[in-house]
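# Commentary on secondary and tertiary structure
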Amino acid sequence: SNRHRGEVLGLETRLLVTVPANAASLVSTRAVCSESGSKWIKPAGRDTGLKTYNSLTRQKEPLVLAKEGVATWYSCGPTVYDHAHLGHACSYVRFDILQRILTRLFGINVTHVMVITDIDDKIIQRGLEENVSPFVLARMYEEEFKRDMMALKVLPPAVYMRVTENIPQIVAFIEGIISNGHAYATGQGDVYFDTRSIGSRYGKLVNFGDAAEAPGVKEKRDPRDFALWKASKPQEPYWMSPWGRGRPGWHIECSTIASSVFGSQLDIHSGGLDLAFPHHENEIAQCEAYHKCDQWGNYFLHSGHLHLKGSSEKMSKSLKNYITIKDYLQSHSANEFRLFCLLTKYRSAIDYSDASMNEARSTLSAISAFIHNAQGYMQGQLLCQTIQESFLWERLSAAQASVLSALADDFDTPKAMDAIMSLIYHGNCQLQPSNGTSRSPAVFGAMLTYIRDIMDVLGVDLLDRKEFHDDLSGVLHNVVEQLVRFRSEVRNFALSVEGQATQDLQNSVQPPRKKPHPDRVPLLKACDALRKDLVPLGVQIKAAGPQALEFATPALNVLEFEAFQGYSSFKSHIHVLCPYVLYQAFSPKRDPCTVCSMICKPTLDLLFFVVRVSLEFSDVLCNYKVTFQCFSS
């Protein structure tokens, strides 16, 4: 299952890379850093009481921050040459959840910096293919990435930093590494990091083992050496440097920018598992060589890969097995994707499939349904058996403790979600309809407040008015049309002569006006009241029939109708039952949402007008996913 797959495929599996077999014994004639630095050093500072899995030690460690109440956090942002996909989204949403937990639940102020790689081999190549400037291309995809993150409700970092805006700092950083004896320039204008100069300290995140030696560039002193500066090639953008025209290597940009903001010590560094080697490994080597320190980054957090169901390969652009974020959001919501991420540990691999998305959607639906029912009970609209109030208070307290404990233990969101869903289960068990008269609204109020608050901490907005409105505006438009059509039929029946009633009702033809039968006068009054009450809601009925329906506003908000007393049934076609106090509508692609929480008015005192119609009319409404619910007679 997704929840346990990461125990096998996650970070516990050490990475093997192709390097010289005798790498540990190679010693450069240049300066060699202290090899004692190959072991993790517990930071000096304030213990937060949390534990997190540290890729540097391959086990959970106490989270100790250099400064009390503040976490410095650096993450590798996108290389902006194409659309962002769900593999990217999974990593960014997961770390957004972690940062929200630290900030909202544990009171730690996270200072987050993210780099935007806006110059790279892939960007240059794509620009050449599309005959567009690589800088223009990068800006275009950078803005799209930011829009995608906003759509997924990922909080932006304190600052985005572009590589191209930090070239002088990168050049200075490379010069510092060279002067410390850990890099060298070639005659071709390239600059390489000298991995031999740091001995066995190179390999903090990976296990080199007995990997075979790989062929290297002729000018490299060691096959493991990597580029800090690349000499320019024809048709490539370049910047001037002491080594000639060129541009930065991939890894140096992150080391420079992170150091320029946070200095010689960083609390947390995050990224996808695929970045652990070589990118993060090389970042560590560069920073420790520049700062002359034994430990630059104290905690490295890596998120597991996203796989398409049935594939062992991660979702990636190079494999062309990806789904863009924009395409995903055409048929799913940000809340659903976040639930999808919450149901697995952040460092575990995760399968994307219809089944896994249905699980996320069902979980979200279960939460919304409980909130809906609990609100009905609290407002006296749902009569239940006597509630075991003390038991629910105990379950609420236990859930709060379990969630806090789970999230303090390496941000265990699946365990936290289990505790939340257990609380909802016990609440639902108490909400069994009956003819009881006693009520215990306080405990359910406390439960709803906690559930909404903790889900908001995790980034799931259960009161997302915009998302609700966008999904329902079209559906509600159709519902109103059917309601007006029904009104027209009822009005025609009330005005018809006895012999024409059935025929006119079926054909919706306006009959000759005659004095209505006395027992049908209430129906006419109800039709007139409905027409009048729809006006302030932006719906005007100009004449009989749905064709004359006119909306005063471009898009409908939630429909609110005055409570309406029903009258006697007419024939076997239409039954008006009362009181109905709740009207619920939802989109087939979204979880059932309670309209109560979406009312634009400041209170929920206004009851919804609901008319139950003939089986034929009910079938029409079912096509629009509308259900009627009566809590009491």
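Our subject is the structure that appears above.
Here the structure is a predicted model, which means the values were calculated and not measured. (Residues numbered from 1 in each chain as written. Predicted model: local features only at pLDDT ≥ 70, side-chain atom pairs only at ≥ 80, totals over all residues. Heavy atoms only, no water.)

### Considering the overall build of the protein chain
When you go through the protein chain residue by residue, the secondary structure sums to 17 helices and 17 strands. The 633 residues of the protein chain split such that 54% are buried. Long-range pairs, those at least 24 residues apart, make up 78% of the contacts in the protein chain between residues at least 6 apart in sequence. In the form shown here, the protein chain has an accessible surface area of approximately 27800 Å², with 51% of it arising from carbon and sulfur atoms. (Helix = DSSP H or I, 4+ residues; strand = E, 2+ residues; numbered from the N terminus. Buried < 20%, exposed > 50% of the residue type's maximum accessible area, 1.4 Å probe, protein only. Contact = heavy atoms within 4.5 Å. Areas by Shrake-Rupley, 256 points an atom, 1.4 Å probe, with all protein chains shown as cover.)

### Let's talk about the side chain of Asp82
Relative to the assigned elements, Asp82 resides in the loop between β3 (70-79) and α2 (86-105). A polar contact of 3.3 Å, which involves the side chain of Asp82, links it to the side chain of Arg126. (Polar contact = N/O pair within 3.5 Å; in protein donor to acceptor, adjacent residues only side chain to side chain.)

### A look at the nonpolar core
Judged by nonpolar contacts, the single largest core of 86 residues is most densely connected at Phe337, Phe444 and Met455. Residues within four places of Phe444 in sequence aside, it is in contact with Phe370, Ala374, Tyr377, Met378, Ile387, Leu392, Gly427, Gln430 and Leu431. Counting residues in each nonpolar core, the second largest holds 41 residues, with Ile119, Ile170, Ile198 and Trp296 among its members. (Core = buried A, V, L, I, M, F, W, Y, C linked by side-chain atoms within 4.5 Å.)

### Section: the pattern of salt bridges
Per the stated rule, a full pass over the model turns up 24 salt bridges. For the salt bridge of Arg104 with Asp456, the shortest nitrogen-to-oxygen distance reads 2.9 Å. Residue Arg104 is located in helix α2, and its partner Asp456 is located in helix α13 (residues 441-457); the two are separated by 352 residues in the primary sequence. Looking at Arg104, the relative accessible area reads 45%, which means it is partly exposed. Within the structure, one salt-bridge network assembled from shared partners comprises Glu142, Glu143, Lys146, Arg162 and Glu165. (Salt bridge = Lys/Arg side-chain N within 4 Å of Asp/Glu carboxyl O.)

### Focus on the sheet that holds β3
Strand order in the open sheet made by the 5 strands is β5-β4-β3-β10-β11, with parallel pairing throughout. Across the chains shown, the open sheet's two edge strands, defined by having one partner strand only, are β5 (159-162) and β11 (297-303). Strand after strand, the sheet turns through a mean of 25° between neighbouring axes, direction not considered. The sheet contact formed by β3 and strand β4 (residues 109-117) spans 8 bridges and is parallel. Residue pairing in the sheet places Trp73 in a bridge with His112 of β4. Strands β3, β4, β10 (266-272) and β11 of the sheet are contacted by α2, whose axis makes an angle of about 165° with β3. (Pairing = 2+ DSSP bridges. Axes fitted to C-alpha atoms, helices over the stretch in contact; angles between N-to-C directions.)

### Describing helix α16 (residues 521-534)
Along its 14 residues, α16 runs 20 Å from first to last C-alpha, staying within 8% of the 20 Å computed at 1.5 Å per residue. Every buried residue of α16 is listed here: Leu523, Leu524, Ala526, Cys527, Leu530 and Leu534. Along the axis of α16, the buried residues cluster in a sector spanning 160°; they form a single face. Turned more than 90 degrees away from the buried face of α16, the exposed residues are Lys525 and Lys532. (Expected span 1.5 Å × (residues − 1). Arc of directions from axis to C-beta.)

### Notes on the environment of Gly249
Positionally, Gly249 belongs in the loop between β9 (246-248) and α6 (250-262). The class for Gly249 is buried, based on a relative accessible area of 1%. In contact with Gly249, not counting residues within four places along its chain, are Ala227, Leu228, Trp229 and Lys230.

### Overview of the sheet that holds β9
Ordered in space as β6-β7-β8-β9, the 4 strands form an open sheet in which the pairing is antiparallel. Every interior strand has two partners, whereas the edge strands, β6 (183-185) and β9, have only one. For this sheet, the mean inter-axis angle between neighbouring strands, taken without regard to orientation, is 20°. Taken together, the 2 bridges between strand β7 (residues 191-193) and strand β8 (residues 227-231) define a ladder with antiparallel strand orientation. Among the inter-strand pairings, Val191 is bridged to a residue of β8, identified as Trp229.

### Some words on the pairing of β11
Here β11 lies mainly inside the structure; 7 of its 7 residues are buried. Direction of pairing for β10 relative to β11: parallel, over a ladder of 6 bridges. Within β11, the position partnered with Leu266 by the bridge is Gly297. For the segment spanning β10, helix α7 (residues 276-291) and β11, crossover handedness is right-handed. (Right-handed = clockwise from strand over helix to strand, strands pointing away.)

### Regarding unusual backbone geometry
Between Phe277 and Pro278 the backbone carries a cis peptide bond, its omega angle lying at 5°. Tracing the chain through its elements places Pro278 in helix α7. In the Ramachandran plot, Asp410 falls in the positive-phi region, its phi being about 60° despite a non-glycine side chain. Examined against the element boundaries, Asp410 turns out to sit in the loop between α11 (389-408) and α12 (413-430).

### Overview of the packing of aromatic side chains
Summed over the entire model, instances satisfying the criterion amount to 17 aromatic pairs. Ring centres of Phe337 and Phe340 lie 5.6 Å apart, and the angle between their planes is 40°; this geometry places the pair in the tilted category. Residue Phe337 and its partner Phe340 are located together in helix α9 (residues 334-342), separated by 3 residues, close to a single helical turn. Taking relative accessible area as the criterion, Phe337 reaches 1% and is therefore assigned buried. According to the relative accessible area criterion, Phe340 is buried, its value standing at 2%. Measuring from centroid to centroid gives 5.9 Å for Phe340 and Tyr352, while their planes differ by 85°, and the two rings are edge-to-face. One end of the pair, Phe340, is in helix α9; the other, Tyr352, is in strand β13 (residues 350-352), with 12 residues separating them in the sequence. Taken as a pair, Phe340 and Tyr352 share a single burial class, namely buried. (Phe/Tyr/Trp six-rings, centres within 6.5 Å; stacked < 30°, edge-to-face > 60°.)

### Observations regarding the state of the cysteines
Under the counting rule described, the total for this entry stands at 0 disulfides. The thiol of Cys90 is not disulfide-bonded; the next cysteine sulfur, from Cys341, is found 4.3 Å away. The exposure class of Cys90 is buried, given its relative accessible area of 1%. (Disulfide = S-S within 2.5 Å.)

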